[in-house]
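Given next are the chains, with one letter for each unit.
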Amino acid sequence: METRLHGNPDYGHLEVRLEAGEAVLAESGAMAWMDSGLELRARMAGGFLRALGRRFLGGESFFLAEYRAPAAATIHLAPSLPGSLREAVLGAEGIWVAPGAFLAAEPEIELRTRFLGWRGLFSGTGPFFLRLQGPGRRVVLASYGALVEEAVDGERIVDTGHLVAWEPGLDFRVTTPGGWKPTLFSGEGLLLRFRGRGRLWLQTRNLPATAAWLGPLLPA
Amino acid sequence: MQVRVLDPGAFAHARVRLEPGESFVSEAGAMFRMDPVLDLDVTVRTGGRGGVWTGLGRMLGGDSFFLSTYTATTAPGEVSLAPVLPGELRVLDGTSADAWTCTGGSFLGCGPEIVLEPRFQGLKGLVSGERLFFLEARGPGPLIVAAFGALRAVELQGELTVDTGHLVAFESGISYRIGKAGGSWVQSFLGGERLVLHLEGRGRLLLQSHAPPAFGRALGRLLPPREG
């Protein structure tokens, strides 16, 4: 499986070349165009109940799509939002991926859907997160806006709605900016405080914020 | 006549320079600046053909009923055109043998000798989620098409499967049918690919990296419900 990223930073899309017998795992509905003849198989997004939750509480798909090439073929995958793509190679612990940020991965990857409770709800992206594992396996992440990757050793404050992915060496809790004045007036209602050591991926735009800006401008 | 794409990328626009006696046609509403020496008029006819029905067909295809025309009479002038969505533009230089089929809304403008005709897609258009009509642009001169996102050109020799919403335009040597993405119908539907287009033949094909309906749905479900 050979991958090429096109169109970054604003209209990132992914080209995947598959040899005979190879496959790629993609977000549901992400196929843009492909050589005819690839076999599509639906794969549950990690456990029946959690996939169900992801579908009905997270507004995401119940299934992911696995495309297998009987003969060498090329497939192009695209996210629904304008933004960037970035490939990540999984470390020993794998990664957590926020809803909407998963585009594609090697099919051998182990994938589960996890409910993160209140923390997830208040993270601004939704309560169901994907947990991907498989040391050395490749994942392609998608962001709304540019995709910022950084190595954290210590602490980092992240605004809600900007989270793309993080390594489990990091953990976060939901906080307020501290003090009633910044909480009310800084425009940063809730914040995520990450602590630990690992890679963190963030997006520079936030779709709920775009919608909140556009909504009041729509005619009644 | 000279057509240039400026600021290539997400916010591309086209600048058309007209010498006295020359004219240009565009989708209604596409002009965002022009020299006052140019005459602006509207028409439903292109390349000396068309009428009310072609206007209606264009409208059902996601384009405008009227077309705008820009004409330089006494002095040269420039008109600038821009599409609605952010994305790349491409200028295709057609000969009299060329014909391009543009999908809903991808047509931006063309030279005056190009004939624009809506082509009924029948059931294919309805079930695929594409439009009932595609717009065929036939004849010599420049043709400007617009994409949502990045624009990719493919030289088709054989077959290609394209998801609805990613097709911009294709040459006349190419035909398409509606089908499933691959594997069984059940797997194809569960995998999130409902109906796709299977293109076949020889010729050039333009694709866009992003699908406007997918973006619209992602944003739309966060907006307040429409009333009435």
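Residues numbered from 1 in each chain as written. Chains lettered and ligands numbered in written order. Predicted model: local features only at pLDDT ≥ 70, side-chain atom pairs only at ≥ 80, totals over all residues.

Glancing now at the overall build of chain A. Of regular secondary structure, chain A possesses 4 helices and 17 strands. Counting only residues that meet the buried cut, chain A has 42% of its 220 residues in that class. Counting contacts in chain A only where the partners sit at least 6 residues apart, residues at least 24 apart contribute 79% of the total. (Helix = DSSP H or I, 4+ residues; strand = E, 2+ residues; numbered from the N terminus. Buried ≥ 20, exposed ≤ 12 C-beta atoms within 10 Å, placed from the backbone. Contact = placed C-beta atoms within 7 Å.)

Another aspect to go through is the overall build of chain B. When helices and strands are counted, chain B shows 4 helices and 17 strands. Seen along its three principal axes, the alpha-carbon backbone of chain B occupies a region of about 65 × 45 × 35 Å. Buried residues in chain B amount to 44% of all 228 residues. The long-range share in chain B, meaning contacts at least 24 apart out of those at least 6 apart in sequence, stands at 78%.

A few words on the confidence of the model for chain B. Summary statistics for chain B give a mean pLDDT of 88 and a share of 98% for residues scoring 70 or more. Confidence metrics for the complex model read pTM 0.86 and ipTM 0.80. (pLDDT = per-residue confidence, 0-100.)

Residues and elements named next belong to chain A. With respect to topology, 6 strands assemble into an open sheet ordered β5-β6-β3-β10-β13-β8, the strand pairing being antiparallel. With one partner strand each, in any of the chains shown, β5 (39–44) and β8 (85–89) form the two edges of the open sheet. Going across the sheet, the axis of each strand differs from the next one's by a mean of 25 degrees, ignoring polarity. One ladder, built from 6 bridges, connects β5 with strand β6 (residues 63–68); its direction is antiparallel. Counterpart to Met44 in the pairing with β6 is Phe63. (Pairing = 2+ DSSP bridges. Axes fitted to C-alpha atoms, helices over the stretch in contact; angles between N-to-C directions.)

Residue Pro9(A) follows Asn8(A) across a cis peptide bond; omega there is 5 degrees. Positive phi, close to 45 degrees, is recorded for Asp7(B), a residue that is not glycine. As for its placement among the helices and strands, Asp7(B) is situated in the loop between β1 (2–6) and β2 (13–18).

Attention shifts here to the nonpolar core. Within the largest apolar cluster, 108 residues are counted, with the highest numbers of intra-cluster contacts made by Ala26(A), Leu77(A), Val97(A), Leu103(A) and Leu141(A). Broken down by element, the residue count for this core peaks at 6 residues, all from strand β17 (residues 196–208) of chain B. Residues contacting Val97(A), with those up to four places away along its chain left out, are Phe102(A), Phe129(A), Leu130(A), Leu132(A), Leu141(A) and Ala165(A). (Core = buried A, V, L, I, M, F, W, Y, C linked by C-beta atoms within 7 Å.)

A separate point is the sheet that holds β2(B). Residues and elements named next belong to chain B. Spatial ordering of the open sheet is given by β1-β2-β7-β4, a layout of 4 strands whose pairing is antiparallel. Looking at the sheet topology across the chains shown, the edges are occupied by β1 and β4 (31–34). Going from strand to strand, the sheet's axes swing by 20 degrees on average, the running direction of each strand aside. Here β1 runs beside β2; their pairing, made up of 5 bridges, is antiparallel.

What follows is about the interface of chain A and chain B. Facing the 34 residues of chain A at the interface are 31 residues of chain B. The set of elements that each furnish at least two residues to the side of chain A that touches chain B consists of β4 (31–35), β5, β6 and α4 (207–214) of chain A. Note that β4(A) and strand β14 (residues 151–163) of chain B share 3 bridges and pair antiparallel. The residue of β14(B) that forms the bridge with Asp35(A) is Leu160(B).

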